[in-house]
Amino acid sequence: DAGVIQSPRHEVTEMGQEVTLRCKPISGHNSLFWYRQTMMRGLELLIYFNNNVPIDDSGMPEDRFSAKMPNASFSTLKIQPSEPRDSAVYFCASSLNRASTDTQYFGPGTRLTVL
Amino acid sequence: AQSVTQPDIHITVSEGASLELRCNYSYGATPYLFWYVQSPGQGLQLLLKYFSGDTLVQGIKGFEAEFKRSQSSFNLRKPSVHWSDAAEYFCAVGLSGGYQKVTFGTGTKLQVIP
C-alpha cells in the first residue's frame with residue numbers, strides 16, 4: 001500500500017495567493033483528517049471527513065480556509081488568500097472507520113511557506 | 001474537553017540507556033490513549049494505543065506504555081534506546097464513544113547521544 005499521499009511536499013507562495021493542498025487517503029479508508037503543525041500551537045485538527053462528508057470543521061481557522069472531499073480518494077485544503085501566519089506543515093491522515101479506536105495513518109505532510 | 005500534557009519538551013539519553021517519556025491526560029471518562037512518533041520530515045506513525053484491559057501495552061519498535069488511572073498518566077518506555085529512536089514523540093487522547101477526534105500533546109523531542 002502506498003500510504004497516504006500528499007502533494008506538493010513543499011510550497012512557497014506570496015501573501016495573497018491561493019494555495020491548494022492535496023491528499024489521497026489509503027484505499028478503503030472512510031475517514032480523513034487535515035491537521036496543521038506549528039512550533040507555537042503544535043498539532044491541530046482542522047477538519048474531519050467521514051464518508052466524504054465534513055463532520056467537524058471547528059478547527060478551521062477562518063473563512064480563508066476551505067476543504068473538500070469530492071470522492072473517497074481525494075481531498076483538498078485551500079487557503080485563499082494566504083497569509084504569512086499560515087506557514088506551517090499541513091498533514092493529512094486517514095483511518096479505516098470513524099471509531100475512536102481506529103489508527104490514523106499520516107501522510108508525509110506539505111510544508112507551506114507564505115512570504 | 002479532553003487534554004494531554006507532555007511536560008518534557010526535549011530529552012537527551014545515551015544510546016543503550018533506558019527511556020521514559022511522560023504523558024498526563026485530562027478526561028472525565030476512560031480515555032483512549034495513543035503514542036505516535038514523528039521522524040524528521042515525516043508524518044506521525046502510531047507506536048501503540050490503549051483502550052481497555054491490560055494496562056501495560058506493547059507497541060512497535062520495542063516500546064511499551066503503562067496506563068495509570070490514579071495518576072492520569074500514560075508514560076512511554078523503552079529499556080534500551082537505539083540511535084534510530086531519535087525523533088519527536090506525541091501522546092494523544094481520544095474521546096470514547098464519540099467520533100474520532102484525537103487531541104495531541106505538544107510533543108517531546110528525543111535526542112540520542114553515542
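Predicted model only: the values in this text are computed from it and were never measured. (Residues numbered from 1 in each chain as written. Chains lettered and ligands numbered in written order. Predicted model: local features only at pLDDT ≥ 70, side-chain atom pairs only at ≥ 80, totals over all residues. Heavy atoms only, no water.)

Visitor: Quick question: what am I supposed to make of the overall build of chain B here?
Guide: The secondary structure content of chain B amounts to zero helices and 12 strands. N-terminal to C-terminal, the α/β element order of chain B is β-β-β-β-β-β-β-β-β-β-β-β. Rg of the C-alpha trace for chain B: 14 Å, near the compact-globule value of 13 Å for 114 residues, within the 12% margin. Across its three principal axes, chain B shows a C-alpha extent of roughly 45 × 30 × 20 Å. Across the 114 residues of chain B, 46% fall into the buried class. Taking as baseline every contact in chain B between residues at least 6 positions apart, the subset at least 24 positions apart corresponds to 54%. Summed over all atoms, the accessible surface of chain B reaches about 5300 Å², with 50% contributed by carbon and sulfur. (Helix = DSSP H or I, 4+ residues; strand = E, 2+ residues; numbered from the N terminus. Rg over C-alpha atoms; globule rule 2.2 N^0.38 Å. Buried < 20%, exposed > 50% of the residue type's maximum accessible area, 1.4 Å probe, protein only. Contact = heavy atoms within 4.5 Å. Areas by Shrake-Rupley, 256 points an atom, 1.4 Å probe, with all protein chains shown as cover.)

Visitor: How should I be thinking about the sheet that holds strand 1 (residues 5–7) of chain A in this particular structure?
Guide: What holds strands together in a sheet is hydrogen bonding between their backbones, with the strands either parallel or antiparallel. Residue and element names in this part refer to chain A. Ordered in space as 1-3-8-7, the four strands form an open sheet in which the pairing is antiparallel. At either end of the open sheet lies a strand with only one pairing partner, and these are strand 1 and strand 7 (65–71). On average, each strand axis in the sheet is inclined to that of its neighbour by 15 degrees, with strand direction left out of account. Relative to strand 8 (residues 74–79), strand 7 runs antiparallel, the two sharing five bridges. Note that in strand 8 the partner of Ala 67 across the bridge is Leu 77. (Pairing = 2+ DSSP bridges. Axes fitted to C-alpha atoms, helices over the stretch in contact; angles between N-to-C directions.)

Visitor: Sorry, what's going on with the interface of chain B and chain A here?
Guide: Interface size is often expressed as the accessible area that is lost when the parts come together. Of the residues lining the interface, 20 residues belong to chain B; the matching set on chain A comes to 22 residues. At the boundary of chain B with chain A, the tally comes to zero salt bridges. Our enumeration of links across chain B and chain A arrives at four residue pairs in polar contact (both at pLDDT 80 or more). A total of four residues in the side of chain B that touches chain A trace back to one element, the largest contributor, which is strand 5 (residues 32–38) of chain B. (Salt bridge = Lys/Arg side-chain N within 4 Å of Asp/Glu carboxyl O. Polar contact = N/O pair within 3.5 Å; in protein donor to acceptor, adjacent residues only side chain to side chain.)

Visitor: How do you make sense of the packing of aromatic side chains when you look at a structure like this?
Guide: We describe a pair of aromatic rings using the distance from one ring centre to the other and the angle between the two ring planes. The final tally for this structure, using the stated rule, is 15 aromatic pairs over all chains. Measuring from ring centre to ring centre gives 4.8 Å for Phe 33 of chain A and Tyr 48 of chain A, while their planes differ by 20 degrees; the resulting arrangement is stacked. Here Phe 33 of chain A, found in strand 4 (residues 31–38), pairs with Tyr 48 of chain A, found in strand 5 (residues 42–50); they are 15 residues apart in sequence, far enough to count as distant. The same class applies to Phe 33 of chain A and to Tyr 48 of chain A, which are both buried. Each residue in the set Phe 33, Tyr 35, Tyr 48, Phe 91 and Phe 106 of chain A together with Tyr 32, Phe 34, Tyr 36, Phe 51 and Phe 104 of chain B is aromatic and connected to the rest through ring pairs, giving one cluster. (Phe/Tyr/Trp six-rings, centres within 6.5 Å; stacked < 30°, edge-to-face > 60°.)

Visitor: For this particular structure, what's the right way to read unusual backbone geometry?
Guide: Apart from glycine, the bulk of residues carry a negative phi angle, and the bulk of peptide bonds sit in the trans form. Residues and elements named next belong to chain A. For the bond from Ser 7 to Pro 8, the omega torsion is -10 degrees, close enough to zero to count as cis. Structurally, Pro 8 is set in the loop between strand 1 and strand 2 (10–13). Gln 80 connects to Pro 81 through a cis peptide bond whose omega is -5 degrees. In this model, Asn 51 sits at a positive phi of 50 degrees, which is unusual for a non-glycine residue. Phi is positive for Asn 52, which is not a glycine, with a value near 75 degrees. Take Asn 52: it is sitting in the loop between strand 5 and strand 6 (53–56). Take Asn 52: its relative accessible area is 30%, and that puts it in the partly exposed class.

Visitor: Any chance you could explain the nonpolar core here in plain terms?
Guide: Within soluble globular proteins, side chains that are nonpolar generally end up buried alongside one another. Counting 26 residues, the largest nonpolar core has Leu 19, Trp 35, Leu 47, Leu 48, Phe 74, Leu 76 and Tyr 89 of chain B as its most contacted members. Counting only elements with at least two residues in this core, the list comes to strand 2 (10–14), strand 3 (19–21), strand 5, strand 6 (44–50), strand 8 (64–68), strand 9 (73–78), strand 10 (87–94) and strand 12 (108–113) of chain B. Top contributing element to this core by residue count: strand 10 of chain B, with four residues. Counting 21 residues, the second largest nonpolar core, distinct from the first, contains Cys 23, Met 60, Leu 77 and Ala 88 of chain A. (Core = buried A, V, L, I, M, F, W, Y, C linked by side-chain atoms within 4.5 Å.)

In short, shape yes, function no, at least from these values alone.
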